[in-house]
Each structure stands twice: as structure tokens, then as C-alpha cells.
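# Structural features, examined
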Amino acid sequence: MFLPTGFRFAGVACGIKASRKPDMCLIVSDRPLVAAGVYTTNQIVAAPVVLSRSRTPSATVRAVVTNSGNANACTGEQGDADAKAMCSQLASLVGCEDTDVLVMSTGVIGQLLPMEKVKSGIDQCFGRLASNETSFVEAAEAIRTTDNARKTESRDMNLDGKTIRIAAMAKGAGMIAPNMATMLSVICTDASIAPDEAKAILTRVANASFNRVSVDGHTSTNDTLLLLASGDEAPLSGDSLCLFEKELTELAIHLAKQLVADGEGATHVMQIHVSGASNDKSAETIAKTIAASPLVKCAITGGDPNWGRIVSAAGYAGEPMQPAKVSLRVCEELIYENGSPRKFDAASLSATMKSNNEVAVDLCVGDGKGTATYWSSDLTTDYVRFNSEYTT
């Protein structure tokens, strides 16, 4: 794993989760970081989102504290006070201003944080901070909730004769929808980036990755994506900055696809590519509509090459289409062409769909230049079972 310089990580179990699994994570730097964030678009916003959003972008952030098992959402004035208290405690330990600490929370909505456990967890975590792969993995484990596996990615690249490293962690398996998805993620790098550039880049990266995934169409109250940059030299610019953004986007897409693959009860990832739309935005809307359709998702679960569900979902997306030029491929097999069904071996295609973890859906909606790609999980009985019993 390629870990950027300037960061220390830690993760511990402090008892927020009844399971006693890790639930407290710290990321700390010994020098000021450039920090940018992209946050949920939900109007019901958790206290930690309100606080972190008010503190980014910044060139002076020193730390991020994250708890899992409790979202600290819909918790009123007490929730706001608790989020501030978490930052204040860590700021005292780090030796920085309260405003230079960001906070994230994830878990059950509507419950007050058990602050004695939280405070103890922050102290424990601070004592375990280290800059090695083990500490990074422990931190990534501590942000998980219903995730079956931790989600991490890392890269290194050469820019301007220097080695730049990027390491990222994410969590998310349920309540996943475009508009910042429903997830937490922190991307750390030792590149030098100006705060305004970091914000602009992160917004574009999110739109190309985390905002193009769907598990259940539910946008969370806590979605947060942070970019932390520890570089203290002249900021990247020109071609070097473009290459950095390209690498960052590819990393984020890999993480986003991990979210979908780990969707609660998921057995398949559906990659939906829409082409021929009037423009890219129109293609995005069509792809997003297909990705969120329960009927399409169920068809993917059962390996059912039911082209009617996919085509009709595109049709109600509300975007311009040319019905006589609509064509569809599933797992690269053409099954609908220029507005008419084609003969195909349904049993054979069904077997192909069932045997592949990723099912490719390629839909052409006309002769326009607009294109977009989305990723979505299928919908299984395990998802229904888990979410019908989530708080009971």
C-alpha cells in the first residue's frame, strides 16, 4: 500500500457499537493540511456534516475524527454540541484550533452519541496513532457499519520528478444513491494543492464516481467525501494537476464500485452505459433512472434478460429519446435494436448474467453525443430482510 507522508492513522473499538467492533477512527497530521469536502445534498443534514462543511475548504486542517455506529443525525442542539465537543477534544490533543478539526459520523439516525464512550475512544485512538499500513487498515476498519469488507485504495505516481502518493478509505453498503451517494470517504495525498483547486477537483471527482452509484436510491444525511493534502511545496498546476486529477478520479471510481459490490445483500454489479443522448446530463439522468429501478435490479438478480424493464425505465426518465433508434446490449449481446426486439437465446444469456459478478448494460437512445456510465447493485431478499430488521 502506498501511504502519503505527513499522516498518522488509528482505529479502535470504544463501545459505541454493541458488537464491540471498531468504531472510532482518527487521521492526524503534524503539519497543516489543505482540506476540501463534498457533502450530502439531503435537506436533513447530520450535525457533523454541518460542522465540517463550514470548515472546508481550508489550508489549516490538522485532523479528522470519525465515529461509526451512530450517525449523530436528527439529534438537535445536543447533536451539534457533541460534534463540536469531539473536535475540541481532538484539537486539545493535537495542539491546534478547534476549527482545524473535521468530524464525520455514520450509523443509526436519531440517537444521541454516548459521549463518555466517544471521549474515551478519542483518547485511546490518539495513543495508537502511527504512519504504517497496519494503522491505516485499523482506521479503515473503524469507519465501517454494515459493510462486509473494508474499502481502501492507494496509488503512487511521478509528477514533476517527485513521487506522489494517494491513499483512500471509504464505507458504505446501504442507503446508497447518487447525489454524493451514502457514504463516508477520506482521500489522503502528499501532493501540494491550493484549497480552491482541491475543492474544484474533488467536486468533479465525486461527480464522476461516488455520484454515479446506486444501491437503493436513498441519499443519506451524513454523506461526506474529504480530500486532505499534506504537500508543503508549490501547488501542482497545468498538466501535472490534470494528471493528478485523472489518477484521483480512477481511484475514486474503484472505491465507488466497491460500495456497489458490497451493497447489502448484493450479488451482482450492474454497469449501465448510456450513449446517443442529446447531451451528457441527459445521459446521466437516463442511466441514473435505470440504476434506481427496482424492477431492473430484480431482473439482474435473477439473470432475467428482460429488455422491456430497461427500455421502459429509460423512457420514464423524462429525457429526450429517439424510440426508433433505441438499441440495447446486455453482457455485449444485442437484444433490442432500432426500436424492435431481436431474437436471442434467453437461456444462454441468463446463464451468462448469473455467472458474471458484473453485468454490462449498454443502451443507445438516439444519435446524440451524450454519454454516461453508472453502477448499481441488484436487489435481493437479503437486502429486504436486513433493512426490515435494521433497528430491531
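Figured I'd write up the structure that's included with this text.

Below, the discussion takes up the environment of Leu 202. For Leu 202, the position within the fold is in helix α5 (residues 195-208). Taking C-alpha positions, Leu 202 is 8.5 Å from Glu 245, a pair spaced 43 residues apart along the chain. Residue contacts for Leu 202: discarding those within four places in its chain leaves Ala 36, Gly 37, Val 38, Leu 225, Leu 226 and Leu 227.

A few words on the sheet that holds strand β11 (residues 327-330). Read from one edge of the open sheet, seven strands run β8-β15-β10-β14-β11-β12-β13, paired in mixed fashion. Each having just a single partner strand, β8 (213-214) and β13 (340-341) make up the two edges of the open sheet. Where strand β10 (residues 269-277) and strand β15 (residues 370-377) come together, seven bridges link them in antiparallel fashion. Note on β15: the bridge partner recorded for His 273 is Thr 373. Its contacts with the sheet put helix α6 (residues 238-261) on β8, β10, β14 (358-364) and β15, and the angle it makes with β15 is roughly 45°. Lying on the sheet, helix α9 (residues 307-315) is in contact with β11, β12 (333-337), β13 and β14; it crosses β11 at an angle near 130°.

Here we come to α5. Here α5 contains 14 residues, and its C-alpha end-to-end distance of 20 Å stays within 8% of the 20 Å for a straight helix at 1.5 Å per residue. For α5, every residue scored as buried is listed here: Ala 198, Ile 201, Leu 202, Val 205 and Ala 206. Burial along α5 is one-sided: seen end-on, the buried residues are contained in an arc of 135°. Here the buried face of α5 lies against β2 (24-39), β9 (224-229) and α6.

Turning next to the pairing of strand β7 (residues 184-189). In terms of burial, β7 is largely enclosed, as six of its six residues are buried. What you see with β7 is no split at all: Leu 184, Val 186 and Cys 188 on one side and Ser 185, Ile 187 and Thr 189 on the other are buried throughout. As defined by bridge partners, β7 adjoins β9 across six bridges and the pair is classed as parallel. The residue of β9 that forms the bridge with Thr 189 is Ala 229.

Each value, and the rule that gives it
Within every chain, residues take consecutive numbers counted from 1 along the sequence as written. Where local features are concerned, this predicted model is filtered to residues with pLDDT of at least 70; where side-chain atom pairs are given and counted, the filter is 80 or more; whole-chain, interface and lining totals use all residues. Each side-chain value is derived from all of the structure's non-hydrogen atoms; neither hydrogens nor water enter the calculation. Where helices and strands are cited, they refer to DSSP runs of H or I of at least four residues and of E of at least two residues respectively, numbered from the N terminus. Throughout, a residue-residue contact means that at least one pair of heavy atoms, one from each residue, lies within 4.5 Å. Between any two strands, at least two bridges found by DSSP are needed for them to pair. Helix axes are fitted only over the stretch in contact, all axes being lines through C-alpha atoms; the angle between N-to-C directions runs from 0 to 180 degrees. Each helix should span, by expectation, one fewer than its residue count multiplied by 1.5 Å. Each residue gets one of three labels from its accessible area relative to the maximum for its type: buried under 20%, exposed over 50%, partly exposed in between, using a 1.4 Å probe on protein chains only. Throughout, the arc means the angular range of directions from the helix axis out to the C-beta atoms.

By themselves, these are just geometric observations and shouldn't be taken as functional.
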